[in-house]
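# Tertiary structure, described
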Amino acid sequence: HSRVIENLLERHGNCRDVIVDQFAGEYVLKRALMERGRGARVLQTPKGERDTAVAAASIIARERFLTEMERLSRSEGFILPKGAGAAADRAAQGICRLSGRDSLSEFAKLHFKNFEKLK
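Now for a quick tour of the structure. In this text, all values refer to a predicted model and were calculated from it rather than measured experimentally.

Regarding its fold elements, the protein chain presents six helices and two strands. By the compact-globule yardstick of 14 Å for 119 residues, the protein chain is too spread out, its C-alpha radius of gyration being 17 Å. Seen through its C-alpha atoms, the protein chain measures out along the principal axes to roughly 45 × 25 × 25 Å. By the burial criterion, 25% of the 119 residues in the protein chain qualify as buried. Partitioning the contacts of the protein chain with sequence separation of at least 6, the portion at a separation of at least 24 is 46%. Of the roughly 8700 Å² of accessible surface on the protein chain, 55% is carried by carbon and sulfur atoms. Taking the average location of the 22 positive side-chain charges in the protein chain and that of its 16 negative ones, the two points are 3 Å from each other.

This is the structure we're talking about:
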């Protein structure tokens, strides 16, 4: 999130207010923000999608996620499951066997517990 905020502020330098859905403790995002993000007023709020811009961003992000999961599944020849269940664990193990552990960064969020199980 902090990298996205930083990138958007770089493109739209006149923006000083940032609204995000609260996904963790307030300190987590504030600690991760870089120079531009630290200079903005960042409001983290539960149910951030009450704000039209946050709702629209959420819809766009979900569509992009689903499209990319489908594209990757087609290109790899097997279904990449959504979520963090047993099916995702099996898919990650298959990717490791076929392409090596380092290739997981193309398919998975490496900071999730599924990735830790593979170590």
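Let us keep going from here.
With that settled, consider the pattern of salt bridges. This structure, assessed with the given rule, holds five salt bridges. Residues Glu 68 and Arg 64 are paired through a salt bridge, measuring 3.8 Å at the closest nitrogen-oxygen approach. Of this pair, Glu 68 and Arg 64 both sit in helix α4 (residues 52–76), four residues apart, roughly one helical turn. Owing to a relative accessible area of 24%, Glu 68 belongs among the partly exposed residues under this scheme. The partner of Arg 74 in a salt bridge is Glu 70, with the nearest N and O atoms 2.9 Å apart.

The topology assignment puts Gly 83 in the loop between α4 and α5 (86–99). Residue class for Gly 83 comes out exposed when judged on its relative accessible area of 58%. Placed 40 residues apart in sequence, Gly 83 and Leu 43 show a C-alpha to C-alpha distance of 27 Å.

The subject of this paragraph is unusual backbone geometry. For Lys 47, which is not glycine, the phi dihedral falls at a positive 60 degrees. Here Lys 47 shows up in the loop between β2 (41–45) and α4. The exposure class assigned to Lys 47 is exposed, which follows from its relative accessible area of 55%.

By the element assignment, Val 20 lies in strand β1 (residues 17–21). For Val 20, a relative accessible area of 11% corresponds to the buried category. Spatially, the C-alpha atoms of Val 20 and Arg 71 are 28 Å apart, while their sequence positions differ by 51 residues.

Turning to α5, a few remarks are in order. For α5, spanning 14 residues, the distance from its first C-alpha to its last is 20 Å, which sits close to the expected 20 Å at 1.5 Å a residue. Looking one or two residues past α5, Gly 100 carries a phi angle of roughly 95 degrees, positive in sign.

So, about α4. Taking 1.5 Å of rise per residue, 25 residues should cover 36 Å, and α4 covers 36 Å from first to last C-alpha, within 8% of that figure. Those residues of α4 not exposed but buried are Val 54, Met 69, Leu 72 and Ser 73. Contacts made by the buried residues of α4 are with β1. One side-chain oxygen of the residue at the start of α4 lies 2.9 Å from the amide nitrogen of Ala 53, identifying that residue as Asp 51.

Conventions and cut-offs
- Residues numbered from 1 in each chain as written.
- Predicted model: local features only at pLDDT ≥ 70, side-chain atom pairs only at ≥ 80, totals over all residues.
- Heavy atoms only, no water.
- Helix = DSSP H or I, 4+ residues; strand = E, 2+ residues; numbered from the N terminus.
- Rg over C-alpha atoms; globule rule 2.2 N^0.38 Å.
- Buried < 20%, exposed > 50% of the residue type's maximum accessible area, 1.4 Å probe, protein only.
- Contact = heavy atoms within 4.5 Å.
- Areas by Shrake-Rupley, 256 points an atom, 1.4 Å probe, with all protein chains shown as cover.
- Lys, Arg positive; Asp, Glu negative; His and termini not counted.
- Charge placed at Lys NZ, Arg CZ, Asp CG, Glu CD.
- Salt bridge = Lys/Arg side-chain N within 4 Å of Asp/Glu carboxyl O.
- Expected span 1.5 Å × (residues − 1).
- Polar contact = N/O pair within 3.5 Å; in protein donor to acceptor, adjacent residues only side chain to side chain.

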